Each structure stands twice: as C-alpha cells, then as structure tokens.
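# Residue-level structural notes
Now for the letters of each chain:
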Amino acid sequence: MSKQPLRVAITGAAGQIGYSLVFPVAAGQIFGPDQPVILQLLELPVAQQALEGVKMELQDAAYPLVHDIIATDSADTAFGDADLVLLVGSKPRGPGMERADLLRDNGKIFIGQGRAIDANAKVGVKVLVVGNPCNTNSLIARAQARRTHPANYTAMTRLDQNRAKAQLAAKAGARVADVTRMGIWGNHSPTMYPDFTHALIGGRNATDVITDHAWLDGPFIKTVQQRGKAIIDARGKSSAASAAWAAIDHARDWHRPTPAGEWVSMAIQSTGDYGVPEGLTFSYPCTVDADGQYHVVQGIELDAASQARIKASADELVEERDLVKEMLG
Ligand code: NAX
C-alpha cells in the first residue's frame, strides 16, 4: 500500500533559496523515493504571481511523488497539518539598517508564523528556520509553541558544517565524504565556531592529517565564518543553491538515524549543555536516533580556546535574545 503523503510547508518559496529548495523536496530528497509529499508554499501577497510561476514549473516537472501543490499568502493555510515546516522567507537587511532593527522586524514575522504553525500544523511538526537571523528567529517562533513541541523548532547551521567539511577536505587533499564529526557551535553568524579539534579525516584526527595548525586555528575558521560574505562578493547575490541543499541535508538527517560515528550540526533549543544558557537556539554537534529525535553529543572535551569561542557565540545570542525579549512572552 502506498504511504500517506507528508505535508511540507515552505515560506519564501519564490525567493532565491525557495526556488532551489522546492524541486529537491518534490523529488524526494528529504523523505526518500517512496514517500509522497504535498507542497504548501507561502509567499507575501506581492510575490504571488512569482509563486504561481514556481507552481507551474513544479507541475511541469511532473514529479511522481507530488500529490498536491498549494500556493498561498495565508500562513494558516500554508501550515495546515504540516509535518515539516521550512521557514525561509524573511526580511533582508536593508542599507543602513542596524542589526537590532533587523532582529525586531523579522521577529514580528516569526511571532506570526510561530502562532500559525502552533495553531495549524501537526502536533509533532518539525520546524527548520533558515531566514536570518535564524537562531533568534527560531527562538521567537518557538516561544509561540503551546501545542507543538518547543524542541522541534530548530535553525540551520548545516551550511556552515558543509562549508567547513569542504575546506578541510580541500586542504587535506581528501574527499568531502572522508570528513566526519565536523561540529558547528553557536550562532549562524561570524561568531560561529567550526570545531576542527574533533573533526576526523579518513577516521584520523584532522589535526594529525593537517599539520598546518596555524591554518586551522586562523584562516580555516575565518573562511567558514565569512563564507557567506565571500559568496556575495563573488556572485553579487547571497548563497542560494548551497543553502537550499543544506536545508535538505538538515531535514533529511533529522528524519533518519545518524550513521555511527558521524555528527550533524543543528541549532536547537539549549537545555544548558556545555554551559550554554538554557533556552537559546544554539548550534551543537548532534546525533539523531531511529525515532527522529536529536541528541546533543555528550562528553566532548573542549580546550580553553574552544570554550572561549563557544562562550563568545553564546554571549552574542544572549544579546540578541535581550533585544527581542518583549517578543518572547
Ligand atoms: P530572497 O529575498 O531571494 O527570498 C526571500 C523570499 O521570502 C522572498 O520571495 C520574499 O517575498 C519572501 N518573504 C519575505 N517575508 C515573508 C513572509 N513573511 N512570509 C512568506 N514569505 C516571505 O532571499 P533568499 O536568498 O532566498 O534568503 C532567504 C533567507 O535565508 C534570508 O534571510 C537569508 O539571510 C537566509 N540565509 C540563511 C542561511 C543559513 O545558513 N541559515 C544561508 C543562506 C541565506 O543567507
């Protein structure tokens, strides 16, 4: 008997990332080749015509797994009975705009969408926030969770993990698939900490394979932290396809057991692990069990430099939380 379709809601579906994201979701890249999906696409009223065009292209691709495509400007409709919500749409930072203004403007969007998710989605819905500032947007949406599970509101640092793996592989002359245990800690911002000290390349410590420790401790970290800006400088537009693919990676890996010995980096609700204040949406190295529940990897020994970097990113997230505290009630 064929499976019941799962409902995947995607906001900002006519934007850059949205356009790169809807097609692999339709093709089965998250739930596999035998799981039908219903796509529920949300856009602003002003972008409805563009969204209609995306819907037409999805129809023309004739994906066998797609049972229906709903294109709407209503959050209640988009999140109706959703099993998975990918929150991509957000307000970009305009010229001269302060970070605090960006946080507050986006906060309003994520209060409304958080409420609509909690009112309409499946109780066990899983939520991934991609739209920046994604950690704090996720915190704001999660603050609306009464019926749905707060721990199921996450934010994306998978692009940072993928970027870090690619940098290590290139430096070591290895394949990306050889790099494991690439933990990203903290905020999806330039304070994030890509922890090379526990990464493995071909099963060996990255610090043994790459003997240029000054590179690891300096240019490697900086390159990962600043990669988004480097893409904008090169392309004239921010990362889109790689970000969409990271969202697929995050969502897929949240629905299947993590291969033995591997870690997945996800920004999740902190419960105080590794001294991070409770309640922040903080990226940790995680594993996912057979029931699709994530767990922070325990027992990681952190040297003084790692601890300081993790604290700096946590401090930044506390500041962000303070800036939006009136939105968390
Ligand atoms: P675009 O501006 O191309 O697309 C955003 C789309 O969202 C637009 O079509 C807009 O109409 C829509 N939108 C805005 N507000 C909405 C709302 N309230 N409800 C529904 N739709 C809404 O941006 P794009 O390049 O796709 O980037 C989207 C977001 O991803 C940005 O916030 C960006 O900063 C963030 N990113 C996050 C990354 C991460 O690793 N977490 C990396 C890539 C990217 O920078």
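This section reports on the structure supplied with the text. (Residues numbered from 1 in each chain as written. Predicted model: local features only at pLDDT ≥ 70, side-chain atom pairs only at ≥ 80, totals over all residues. Heavy atoms only, no water.)

## Details of the site of the ligand
Not every one of the 23 residues close to the ligand is listed here, only the nearest: Gln 16, Ile 17, Glu 43, Ser 90 and Asn 132. Gly 15 has a polar backbone atom sitting 3.4 Å from an oxygen atom of the ligand. His 188 is positioned with one of its side-chain polar atoms (N or O) 3.2 Å from an oxygen atom of the ligand. Among the secondary structure elements, those contributing two or more residues to the shell around the ligand are α1 (16-27) and α4 (99-120). A class-by-class count of the residues in the shell around the ligand yields 11 nonpolar, 11 polar and 1 charged. Counting only domains with at least three residues in the shell around the ligand, you end up with domain 1 (6-155) and domain 2 (158-323). (Near = heavy atom within 4 Å. Polar contact = N/O pair within 3.5 Å; in protein donor to acceptor, adjacent residues only side chain to side chain. Helix = DSSP H or I, 4+ residues; strand = E, 2+ residues; numbered from the N terminus. Nonpolar A, V, L, I, M, F, W, Y, C, P; charged D, E, K, R; others polar. Domains from an automatic or database assignment.)

## Brief notes about the packing of aromatic side chains
Throughout the structure, instances matching the rule amount to 8 aromatic pairs. Between Trp 185 and Tyr 274 the ring centres are 5.0 Å apart and the planes differ by 90°, which places this aromatic pair in the edge-to-face class. With Trp 185 in strand β8 (residues 183-185) and Tyr 274 in the loop between β12 (264-269) and β13 (281-288), the pair connects residues that are 89 residues apart, well separated along the chain. Taking the relative accessible area as the measure of exposure, Trp 185 reaches 0% and is therefore buried. (Phe/Tyr/Trp six-rings, centres within 6.5 Å; stacked < 30°, edge-to-face > 60°. Buried < 20%, exposed > 50% of the residue type's maximum accessible area, 1.4 Å probe, protein only.)

## Some details on the layout of surface pockets
A water-sized probe rolled over the atoms picks out the places where empty space is left. In this model, the largest pocket occupies a volume close to 1,400 Å³. Taken together, 45 residues line the largest pocket, and the ones lying closest to its centre are Ser 90, Pro 92, Gly 131, Asn 132 and Ser 238. When contributions to the lining of the largest pocket are tallied by element, the ones reaching two or more residues are α1, α4, α6 (158-172), α8 (213-225) and α9 (227-235). Here the lining of the largest pocket is composed, by residue class, of 19 nonpolar, 17 polar and 9 charged. (1 Å grid on protein atoms, 1.4 Å probe; cavity = no way out; pocket = protein on both sides within 12 Å on 5 of 7 lines; lining within 4 Å. Points joined across faces, edges and corners; volume = space filled by probe spheres on them.)

## A look at the packing of α1 against helix α2 (residues 48-61)
Pairs of packed helices are described in terms of their axes, by the angle between the two and the distance that separates them. Relative to each other, α1 and α2 sit at 30°, their axes nearing to 11 Å. Considering their axes alone, α1 and α2 lie roughly parallel with respect to each other. Our pair here, α1 against α2, has a crossing hand that is right-handed. The segment α1 lies against α2, with Tyr 19, Val 22, Phe 23 and Ala 26 engaging Val 54, Glu 57 and Leu 58. When grouped by side-chain class, the residues that make up the contact of α1 with α2 number 6 nonpolar, no polar and 1 charged. (Axes fitted to C-alpha atoms, helices over the stretch in contact; angles between N-to-C directions. Parallel < 35°, antiparallel > 145°, perpendicular 65-115°, else oblique. Left-handed = near helix turned anticlockwise from the far one by under 90°. Contact = heavy atoms within 4.5 Å.)

## Brief notes about the packing of α6 against helix α10 (residues 241-253)
Packing of α6 against α10 brings their axes to within 8 Å, and their N-to-C directions diverge by 105°. Between α6 and α10, the angle is such that the two are roughly perpendicular. Facing Arg 158, Leu 159 and Asn 162 of α6, the residues of α10 in contact are Ser 242, Ala 243, Ala 246, Asp 249, His 250, Arg 252 and Asp 253. The residue inventory of the contact of α6 with α10, partitioned by class, reads 3 nonpolar, 3 polar and 4 charged.

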